Amino acid sequence: MATFLPQFQSIKSSFAHIVLSVEDVSDLWPTIKKGFEERLPFKRASLNNKTRNPVLVDELPAEFILTTDARLRSRFPQEQSLFWFREPYATIVLVTCEDLDEFKNILKPRLKLIVQNDEREWFIVYVSKAPAHNDQATKMAKKVYAKLEVDFSSKKRERCCKLDIHGPDPNFWEDLEAKIMECIRNTLDRRIQFYEEEIRKLSEQRFMPVWNFCNFFILKESLAFMFEIAHLHEDALREYDELELCYLETVNMAGKQKDFGGVEKGDDQATLLDSGKKALAQIVQDDSFREFEFRQYLFACQAKLLFKLKRPFEVASRGYSFIISFSGALALRESMLPFCMREVWVITACLALIAATVSNYEDGLAAPDVEKEFYRVQGELHTLCHTKFMRLGHLVGYGSDIERSPVNSASLSMLPWPKPAVWPPLPPDASSEVLAKEKMILQESPRLKHFGIQRKPLPLEPSVLLREANRRRASLSAGNMSDLFDGRPSSGDGDSSGTPSAVQKVSNVSMSRTLSSPGNFDGSIDRPMRLAEIFVAAEHALRNTISDADLWKSLSSVEEFEQKYLDLSKGAANNYHRSWWKRHGVVLDGEIAAVHHKHENYDLAANLYEKVCALYAGEGWENLLAEVLPNLAECQKILNDQAGYLSSCVKLLSLDKGLFLPKERQAFQSEVVRLAHSEMEHPVPLDVSSLITFSSNQGPPLELCDGDPGTLTVALWSGFPDDITLESLSVMLTATNSTDEGAKAIKSSEAIVLRPGRNNITVSLPPQKPGSYVLGALTGQIGQLRFRSHSFSKGGPVDTDDFMSFEKPTRPVLKVARPRSLVDLAAAVSSALLMNETQWVGIIVKPINYSLKDAVLHIDTGPGLSIAEKHEIEIEKHEFGANNTGLDNPPDNHSPVSADVKQLSLEDGKINLPDWTSNITSVLWIPLKAISHGLAEGTPAGTVPQRQSIVDGLRTIALRLDFGVSHNQTFEKTVAVHFTDPFHVTTRVADKCSDGTLLLQVILQSQVKASLTISDAWLDLQDGFAHTGKGDGRPVSKFFPLIVSSKSRAGILFSICVVDTPAKDEGKELDPISILNIRYTISGDRNLGAHSPVTKELTGPENETDPLTFRSALILQRPVLDPCFAVGFLPLPSNGLRVGQLVTMNWRVERLKDSGKDVDSDDLDEVLYEVNVNSENWMVAGRKRGYTSLSTKQGSRIVISILCLPLIAGYVRPPQLGLPDVDKANISCNPPGPHLVCVLPPAFSSSYCVPAA
Amino acid sequence: MIVCLAVVGHENNPLYIQSFTESDDALKLHHIVHCSLDVIDERVNNPKKSSPTINEAFLGLLYPTENYKVYGYLTNTKVKFILVTTDLDIRDADVRNFFRKFHAAYVDAVSNPFHVPGKRITSRTFGERVSTIVKSFGLSSAS
Amino acid sequence: MVREVSESCVESLLAEIVLSYCSGFYANKPELAARRIEAIGFQVGHQLSERYTMDRPRFTDNLEAIKFICKDFWSELFKKQIDNLKTNHRGTFVLQDNRFRWLAHMSIDPSVQASGNIQDPSAMAENKSAQATGMHLYFPCGIIRGALSNLGIECAVSADISNLPACSFVIRIKA
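Computed from a predicted model, the values in this text were never measured in an experiment.

**As for the overall build of chain C**
So, point 1. A count of helices and strands for chain C gives six helices and four strands.
So, point 2. Listing every helix and strand of chain C by position from the N terminus yields α-α-α-β-β-α-α-α-β-β.
So, point 3. In chain C, the share of contacts with a sequence separation of at least 24, taken over all contacts with a separation of at least 6, comes to 57%.

This is the structure we're talking about:
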């Protein structure tokens, strides 16, 4: 049956549509032909596919052929069964007849004859020529047609239709088409059945020896073709798929060794897309087909159908896998195929497939994801082609022009060399070419990278070509190839086979010289070829293999090669970019960039390189980045893109150290420094976050008080390989708590040299607002170059919560405390000091954990106080901490005045505190003298003591302390010091003797916390008094020295008597007061209070030199001699007084004698009275002061009563009634002296209750 | 034979790349691994490729090229394991099994408290363990 | 191989952590201490999730991941599953453990339980015991957050102990 193949193919090529035969019984065709053919192709046909499911087919082409046509000549049946698809699918019988008899007698039998064999699908078209107006004719026509229907139509099938030429009714054509369709459908179904039956029969005997693939193929393909012309492409495709499957299963069954094919001229060009390239008859082989051509043929058929189905993407994906598998098949046969057949075929196949699919593809044809897939496959095809093409280029010696990139290395170095049975021999008379190649080899030199980076170039060869080639040469056994050279241009020509290397060296030189002379290129078989020779041989072999002129052209010269290389790379890249596989695309961009780079279109190269670098850097593939980045840098440098170049250098530096040699990294740095110091026209801020990182030092953050400057140390990690000098460096601090002010820059003063690795930088810190701060950014300057770094150091401490993100430092580095008191000044002594004497005033200087280093104390004494300038100021350590106020420390644990008392001198009110006191509480002893003019006054016992004496004993010292790191802190305080007299003097008349001698008792109340030693005391009496017995005013009894201890009292007795005052008329003013003089010494501790005054030569408090003098004024009253009035205090109610109970105080005032003045006035006289009362003890309800009338007669009396309220329980002085108008000397009081009354404590829950003093 | 084994983080950053070739041209393997991420991305965020095993960690063969094969494995934590091998007849079962062992090793490695997530795996013990797994794989596939 | 640790050890370790952070390192900064404890939990969860998701298909959506936390992850940690999972389908999930083992041996003054939401500093300020318990809850919160973030779900986790020993964790997924 294989003999029919040529015929079969010719029929296939000639018939591409359905045939409808027209049986023109009564020569009607010429007249109606036009009308019929206008219907073609059929708009819409409904057919049944192989699985008997109705399918709608649009635009079904068909052809009307008269049965008399030569093309329908009958053939012998066995042949028919094969080519049945071309037989008519319907037979249309055209008849006309106006006469019933004629119909009965002639036409009907004839028709019967025509339609008798029932294999044909047929129907009758009755054409009536009757003109419309001619009723006769039309009636007749109707009759005949009716008859016709009766005779030929059956009830199950309507086989007639009627066409009026003159009055064509519209629905005739639908009728016609419907009938035609019915016929086609039926025919198709029947034929499908037939073919399936046949195929089934054949495939049953498939594994029998009689099996013949050709028969199977012809049947299968006939069926497929029939589907195809019926536009049932899906079914056709399925048939081809099955056919392919079957072929692959059967073609290389065990036992049968078949001829593969592919050895003919032109086979190198893939024919996987045109089925007609080779006649099937040529590829048939005894009972099957040669694999090489046939598989391509099948794919071509499938592709054609897929294109018709508008599925170019499927063609592409199927095609790719076909190429892969087919190239595998080629690899198996490689030994018997022409040299590099496989590579060449793959290249051409890819190119053809790309061209076809792209031309058949328009965007939006498929769903977006299918589209992406399509572009991916396109990319894959390009890449595959690219790889094979590079391999070819490598074989003919363009290897040095292939970029030794990871991509190419990955695709080539694992791709084995072609393995021909025998490596192509060197053709004769190739000497010149060999020389050319030699020159090329010698010229080629590895392009060394920028920055003098040298790497072992990545391998492109799976193994050494030289060895491979020579191993496959006829005469040489693989054994002695082992020590051939690896064909590096440097160690040029590996020649002498298997000789020891020493000899080799010698023979090397000689050989290379001799060999380069012509005449030796006889292609001698037993001498291993040299690389150049291999190239030449390969080139010649390829020239024989490659029949495609374009491909050969692109291999003919380096330039052409590169052009093609570039095109393929671009094609691949662009397609990948439009697919999911972005990385593939970008990486290939890198390859393109490399070519541009080599050809010095640097801006193109740079753009592409940038994309690649961005990709690698973005995903952190540093090893790959390290390959590309130097190239980018070089381009940027040449393009004078300084900013880019700089950042590239920085990136290079910040890559993993292991990736570059130290000297390379030094080169990077030197470039950075060079640029930084060169005049850049527009300097750029540089981000070195990856290179210079920083962190706070370990340990607690630096704590500062408000307003203090400080120095902050920051740890910097420098990624530079060498020291680098920073012109300036500043650290940003960002406040954590307050958001209002952002970052503060803190400049480091001078230039800094960063060592590689960790550096500790100290920056000075101006006073900051209170709050806590963290490290922000780092900025600085290298030369003119401003850089900044944001990245918190990874080298620094890794806090547990920062382990995910090193970027933001959370540890505060600086804490500025809120304002607080840093120091306290207080008076060392609270108790009184001696008035009018130079006394040590202690001032406690107490730093509150803050250093008072070189602090300055300003002292400003208030009024009535003066510093004894001539005296040194003493300072000593304060023993008792903060709580030492002289009061509550028992004297025994006073330190002896500590050894470390230091003298300081005061200049214009300022004292510099010594350093040793800067952190301890210290006492400053200042000699001060409080002056109070006016004498201390003694008071008669019992009268109210004057409080104000305390007040006017107060003196104040204004202190200002300037301290702090830069005297920025000041502390001001006014200290009050209390001065007082040593004694408070009270007097009373102790006794009145009969002879008029008065015993005057002077009570001395010590007012200081020191023991006073009275050495002497005398009284200078006022006029009207005199010492009895010519005394010198000394006390009655001499028992000096009298020691008055602190807060105790002592009494001294004087005996005096009243003498007549000299008459007033002797104009001399008489002395109203008498003065008590006391000579005493004081021994006290200045830590406690009063002490012996400071003398010129410094004296300890203990020594007993020159006693002091204390003078106090006393006022003595002359006793009443001629009383005019008597004031008597009437006894109180017996039940006693009680706090809070009102009580009436009564006084009886009696006139003792007439006031002998103005008699003429009426005898009533107004007397002014006044109650003076200690308001602390009593509350007076009534009028304290007022006039009361009292007659002037002697003996007239009156009672003044005041309502009082005792406030304090105990023995208190009652209120006293005085008569201010009357001279004290004229009033006799009863009781004469002050007396006390008893006040009982209050009854409970008395609302007047006040705490006892 | 297994040529290369890589762990790639969830941001597609290399965490561990070990080549098992004697030649020092690991870069091409870096390239292969890196590019195979394309395929993983495609498999993962392209529902078209949905299959019953869409969510299985083992992604199967990523790359059918003429001369080597790339297999992928994607953990629940978006960490990718990539295996490059040059023996072309290899059973998926073996690879799946291999990846499971390797995953266990990886988990132990990253559970080390001193390992910082997202950083390269530098543990030596991990390296040794991996090499033993690789050896055993060679045996299993050979048998 | 399955390695296990004694539960009591874990509990006392947790107690120690809380103690040493709250009263040791960051005595007067509870929020900082909380952050640190949470961070430790984060790391733990991060690594555990790596292990416990080892041989299971990848999760297709957040809910699956959360379910994983509720079922397998929880039973790996506590030998029991989360008792109740609620969600508002807008990224908030509430996981309730009716008897949270790490709080099992912890007692709280019933009067202050009412305001035991550790996310509410005012409540913490007003009662110490709730604060203390809250401190113990930062660790499990961190574990959950770590596990989820390792599964690619960034979220915030808080805990609510309004009725001990039940404890409910609230997961808010960052949209």
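**Structural notes on the overall build of chain B**
So, point 1. Helices and strands together make up the secondary structure of chain B, namely three helices and five strands.
So, point 2. Reading chain B from its N terminus to its C terminus gives the helix and strand order β-β-α-β-β-β-α-α.
So, point 3. Each of the 143 residues in chain B was classed as buried or not, and the buried ones make up 56%.
So, point 4. Sequence-distant contacts in chain B: of pairs separated by 6 or more residues, those separated by 24 or more amount to 52%.
So, point 5. Looking at chain B as shown, the accessible area adds up to about 5,800 Å², and 57% of this sits on carbon and sulfur atoms.

**Overview of the interface of chain A and chain B**
So, point 1. Contact residues are listed per partner, giving 36 residues for chain A and 34 residues for chain B.
So, point 2. Where chain A abuts chain B, roughly 3,100 Å² becomes buried across the two surfaces, and 62% of that area is made up of carbon and sulfur atoms.
So, point 3. In terms of surface lost to chain B, no three residues of chain A exceed Met414(A), Arg583(A) and Trp621(A), which account for 26% of the buried area on that side.
So, point 4. Here chain A is connected to chain B by two salt bridges.

**Considerations on the nonpolar core**
So, point 1. Residues Phe36(A) and Val125(A) are the most contacted members of the largest nonpolar core, which totals 270 residues.
So, point 2. Non-local contacts of Phe36(A), meaning those with residues more than four positions away in its chain, are made with Trp29(A), Phe64(A), Ile92(A), Leu94(A), Val125(A), Leu163(A), Trp173(A) and Leu176(A).

**Looking at a negative patch on the surface**
So, point 1. A surface patch of negative charge is lined by Glu98(A), Asp99(A), Asp101(A) and Glu102(A).
So, point 2. Among the secondary structure elements, Asp99(A) is positioned in the loop between β5 (90-95) and α4 (100-114).

**Details of the state of the cysteines**
Residues and elements named next belong to chain A.
So, point 1. Throughout the structure, instances matching the rule amount to zero disulfides over all chains.
So, point 2. Cysteine Cys 214 is unpaired, with the sulfur of Cys 246 as its nearest cysteine sulfur at 11 Å.
So, point 3. Unpaired in this structure, Cys 350 has its nearest cysteine sulfur neighbour in Cys 385, at a distance of 5.2 Å.
So, point 4. Accessibility expressed as a relative area gives 0% for Cys 350, which makes it buried.

**Examining helix α3 (residues 62-78) of chain C**
Residue and element names in this part refer to chain C.
So, point 1. With 17 residues, α3 extends 22 Å from end C-alpha to end C-alpha; this agrees with the ideal 24 Å at 1.5 Å per step.
So, point 2. At Ile 69, α3 shows its maximal kink, close to 35°.
So, point 3. Along α3, the residues classified as buried are Ala 65, Ile 66, Phe 68, Ile 69, Cys 70, Phe 73, Trp 74 and Phe 78.

**Looking at the side chain of Glu343(A)**
All names here are of chain A.
So, point 1. Following the sequence through the fold, Glu 343 ends up in helix α12 (residues 341-360).
So, point 2. Despite its burial, Glu 343 remains without a salt bridge, the nearest opposite charge being carried by Lys 388 at 4.6 Å.
So, point 3. For Glu 343, the contacting residues outside a window of four places in its chain are Lys 388, Arg 391, Leu 392 and Pro 418.

**Some remarks on the pairing of β5(A)**
Residues and elements named next belong to chain A.
So, point 1. Most of β5 sits inside the fold, with six of its six residues counted as buried.
So, point 2. Alternating residues of β5 divide into Ala 90, Ile 92 and Leu 94 and Thr 91, Val 93 and Val 95, and every residue in both groups is buried.
So, point 3. Pairing analysis gives five bridges linking strand β1 (residues 18-24) to β5, with the strands arranged parallel. Across the sheet, residue Glu 23 finds its bridge partner in β5, namely Val 93.

**Structural notes on the pairing of strand β20 (residues 785-789) of chain A**
Residue and element names in this part refer to chain A.
So, point 1. Residues Leu 785, Phe 787 and Ser 789 of β20 are buried on one face, while the alternating residues Arg 786 and Arg 788, pointing to the opposite face, are not.
So, point 2. Where strand β10 (residues 686-687) lies against β20, two bridges are found, and the strand directions are parallel. When the sheet's bridge partners are listed, Asp 687 is paired in β20 with Arg 788.
So, point 3. Direction of pairing for strand β19 (residues 771-782) relative to β20: antiparallel, over a ladder of five bridges. Following the sheet pairing, Gln 781 is matched in β20 by Arg 786.
So, point 4. From the end of β19 to the start of β20, which pair antiparallel, there are two residues, and Gly 783 there has a positive phi angle of about 60°.

**Here's the deal with the packing of aromatic side chains**
So, point 1. Tallying each qualifying case throughout the model produces 61 aromatic pairs over all chains.
So, point 2. Geometrically, the ring pair formed by Trp29(A) and Phe64(A) is tilted, given 5.8 Å between the ring centres and 55° between the ring planes. Linking Trp29(A) in helix α2 (residues 29-38) with Phe64(A) in strand β4 (residues 62-66), this pair joins segments that are 35 residues apart in sequence. Here the two residues Trp29(A) and Phe64(A) agree in accessibility, since each one is buried.
So, point 3. Considering the side-chain rings of Phe213(A) and Phe216(A), the 6.1 Å spacing of their centres and the 45° angle between planes classify their relative orientation as tilted. One end of the pair is Phe213(A) and the other is Phe216(A), both in helix α7 (residues 213-229) and three residues apart, which spans about a single turn.
So, point 4. Judged by relative accessible area, which is 1%, Phe213(A) ranks as buried.
So, point 5. Each residue in the set Tyr16(B), Phe58(B), Tyr71(B), Tyr73(B), Phe81(B), Phe98(B), Phe99(B), Phe102(B), Tyr106(B), Phe126(B) and Phe137(B) is aromatic and connected to the rest through ring pairs, giving one cluster.
So, point 6. Lys112(A) extends its terminal NZ or CZ atom over the ring of Phe152(A), reaching a point 4.7 Å from the ring centre.
So, point 7. Lying across the ring of Trp580(A), Lys372(A) places its NZ or CZ 5.2 Å from the centre.

**Considerations on the sheet that holds strand β29 (residues 910-912) of chain A**
All names here are of chain A.
So, point 1. Spatial strand order, β23-β34-β33-β25-β29: five strands in an open sheet with mixed pairing. Here the strands that pair on one side only, and so sit at the sheet edges, are β23 (833-834) and β29.
So, point 2. Looking at chain direction, strand β33 (residues 954-963) and strand β34 (residues 969-980) are connected through 10 bridges and run antiparallel. Bridged to Leu 961 within β34 is Phe 971.

**Comments concerning the pattern of salt bridges**
Should their charged atoms come close, side chains of opposite charge can pair.
All names here are of chain A.
So, point 1. What the rule picks out here adds up to 53 salt bridges over all chains.
So, point 2. In this structure, Lys 553 and Glu 560 form a salt bridge, with 3.4 Å as the shortest nitrogen-oxygen distance.
So, point 3. Where Arg 1185 meets Glu 1170, a salt bridge forms, and the shortest distance between an N and an O atom there is 3.5 Å. Of this pair, Arg 1185 sits in strand β48 (residues 1185-1191) while Glu 1170 is found in strand β46 (residues 1164-1172), placing the two residues 15 residues apart along the sequence.

**What to know about the environment of Gln131(C)**
Residues and elements named next belong to chain C.
So, point 1. Relative to the elements of secondary structure, Gln 131 occurs in helix α6 (residues 128-150).
So, point 2. Taking the relative accessible area as the measure of exposure, Gln 131 reaches 14% and is therefore buried.
So, point 3. Separated by 101 residues in sequence, Gln 131 and Pro 30 place their C-alpha atoms 9.1 Å apart.

**A few points about the confidence of the model for chain C**
Low pLDDT means the predicted coordinates in that region are not meant to be read closely.
All names here are of chain C.
So, point 1. Mean pLDDT for chain C: 79, with 83% of residues reaching 70 or above.
So, point 2. Contacts from residues 112-117, a stretch scored under 50 in pLDDT, to residues over four places away or in other chains number 16 contacts.
So, point 3. Low confidence marks residues 121-125, where pLDDT is under 50. Its contacts with residues over four positions away, or in another chain, come to four contacts.
So, point 4. If you check the scores for this complex, the pTM reads 0.72 and the ipTM reads 0.87.

Reading guide: rules and limits
Residues numbered from 1 in each chain as written. Chains lettered and ligands numbered in written order. Predicted model: local features only at pLDDT ≥ 70, side-chain atom pairs only at ≥ 80, totals over all residues. Heavy atoms only, no water. Helix = DSSP H or I, 4+ residues; strand = E, 2+ residues; numbered from the N terminus. Contact = heavy atoms within 4.5 Å. Buried < 20%, exposed > 50% of the residue type's maximum accessible area, 1.4 Å probe, protein only. Areas by Shrake-Rupley, 256 points an atom, 1.4 Å probe, with all protein chains shown as cover. Buried area = accessible area lost by both parts, 1.4 Å probe. Salt bridge = Lys/Arg side-chain N within 4 Å of Asp/Glu carboxyl O. Core = buried A, V, L, I, M, F, W, Y, C linked by side-chain atoms within 4.5 Å. Patch = residues over 30% accessible without salt bridge, like charges linked within 9 Å, V, L, I, M, F, W, Y side chains within 5 Å. Lys, Arg positive; Asp, Glu negative; His and termini not counted. Charge placed at Lys NZ, Arg CZ, Asp CG, Glu CD. Disulfide = S-S within 2.5 Å. Expected span 1.5 Å × (residues − 1). Bend = angle between axes of the 7 residues up to and from the residue. Pairing = 2+ DSSP bridges. Phe/Tyr/Trp six-rings, centres within 6.5 Å; stacked < 30°, edge-to-face > 60°. Lys NZ or Arg CZ within 6 Å of the ring centre and 35° of its normal. pLDDT = per-residue confidence, 0-100.

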